[in-house]
Amino acid sequence: MNFELHPDWEDFLKGSLDKENMARLKASLKKEYRDHNCFPPENKIFAAFDYFPPEEVKVVILGQDPYHGRGQAHGLAFSVNEGVTNPPSLRNILKEVHAQEGEIHAQSGCLIPWSKQGVLLLNTILTVREGQPGSHEKLGWQQFTDTVIQRVNDAAEGVIFMLWGGHARKKKKLIDSDRHNILESGHPSPLSANRGLWFGNDHFSQANELLKARGKVPIDW
């Protein structure tokens, strides 16, 4: 199976990854993709890393695991393929962008335009069985994605980490808040949003103000 990181990110992570964990993860994924319908497609598992080199990361948005419906997931957290109906969490994300920024760039729900500007849309678990959310939680993905977060934390300055919901907020311990900016809120899922924990968080506007304050180009959301 296609299990290769973009060379820039492979070099960036070299020496940091647990080789035994990665070997077990690869073996488990080969079996999972052989025996079950799994998402995203094999060649999109690492798509979040394809659009910019590590030194250009501006924002990290953490999701949990990919959408588990057919044709939705394509390797970017919260994003869907072109032409796919936006899931509820994504609809709430785009509503909040619109409330803060007015016109939005990512009209379709495909968030590749964000990635091309240095937004790492990272799920903490990168694969899933069809119709079974959380099914790959114990394969070893979290060790990999924790390493990514730690390496970005250590190597970069002034990255904005958006932590939405309890699962993402657990990663706060991996981030140096003296060198980076952490924005926290409830998850954009209807359950959280309808309880007043998502809408009005101003994360997208705050992120752009923080980027401008550091002399960086803001994100066209």
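Residues numbered from 1 in each chain as written. Predicted model: local features only at pLDDT ≥ 70, side-chain atom pairs only at ≥ 80, totals over all residues. Heavy atoms only, no water.

**So, the packing of helix H2 (residues 19-35) against helix H5 (residues 141-155)**
Thought 1: Orientation of H2 relative to H5, taken along the N-to-C sense of each, is 130°, at an axis distance of 9 Å. With respect to H5, the element H2 is oriented oblique. At the point where H2 passes H5, the crossing takes the left-handed sense. Here Asn21, Met22, Leu25 and Leu29 of H2 come into contact with H5, specifically with Trp141, Gln143 and Phe144.
Thought 2: Here the residues of the contact of H2 with H5 sort into five nonpolar, two polar and no charged. (Axes fitted to C-alpha atoms, helices over the stretch in contact; angles between N-to-C directions. Helix = DSSP H or I, 4+ residues; strand = E, 2+ residues; numbered from the N terminus. Parallel < 35°, antiparallel > 145°, perpendicular 65-115°, else oblique. Left-handed = near helix turned anticlockwise from the far one by under 90°. Contact = heavy atoms within 4.5 Å. Nonpolar A, V, L, I, M, F, W, Y, C, P; charged D, E, K, R; others polar.)

**Brief notes about the packing of aromatic side chains**
Thought 1: A complete count under the given rule lists 14 aromatic pairs for this structure.
Thought 2: Between the aromatic rings of Trp114 and Phe204, the centroid separation amounts to 5.9 Å while the plane-to-plane angle is 55°, which identifies the pairing as tilted. Of the two residues, Trp114 is situated in helix H4 (residues 112-115) and Phe204 in helix H8 (residues 203-213); the sequence distance between them amounts to 90 residues.
Thought 3: The class of Phe204 is buried, set by a relative accessible area of 0%.
Thought 4: When the ring of Trp114 is compared with that of Trp221, the centres are 4.8 Å apart and the planes differ by 85°; the resulting orientation is edge-to-face. In this pair, Trp114 is assigned in helix H4 and Trp221 in the segment after H8, connecting sequence segments 107 residues apart. The two residues Trp114 and Trp221 agree in class, both being buried.
Thought 5: Taken together through their ring pairs, the aromatic side chains of Trp9, Phe12, Phe46, Phe49, Phe52, Trp141 and Phe144 make up a single cluster.
Thought 6: Above the plane of the ring of Phe12 lies Arg151, whose end atom (NZ or CZ) is 4.3 Å from the centre. (Phe/Tyr/Trp six-rings, centres within 6.5 Å; stacked < 30°, edge-to-face > 60°. Buried < 20%, exposed > 50% of the residue type's maximum accessible area, 1.4 Å probe, protein only. Lys NZ or Arg CZ within 6 Å of the ring centre and 35° of its normal.)

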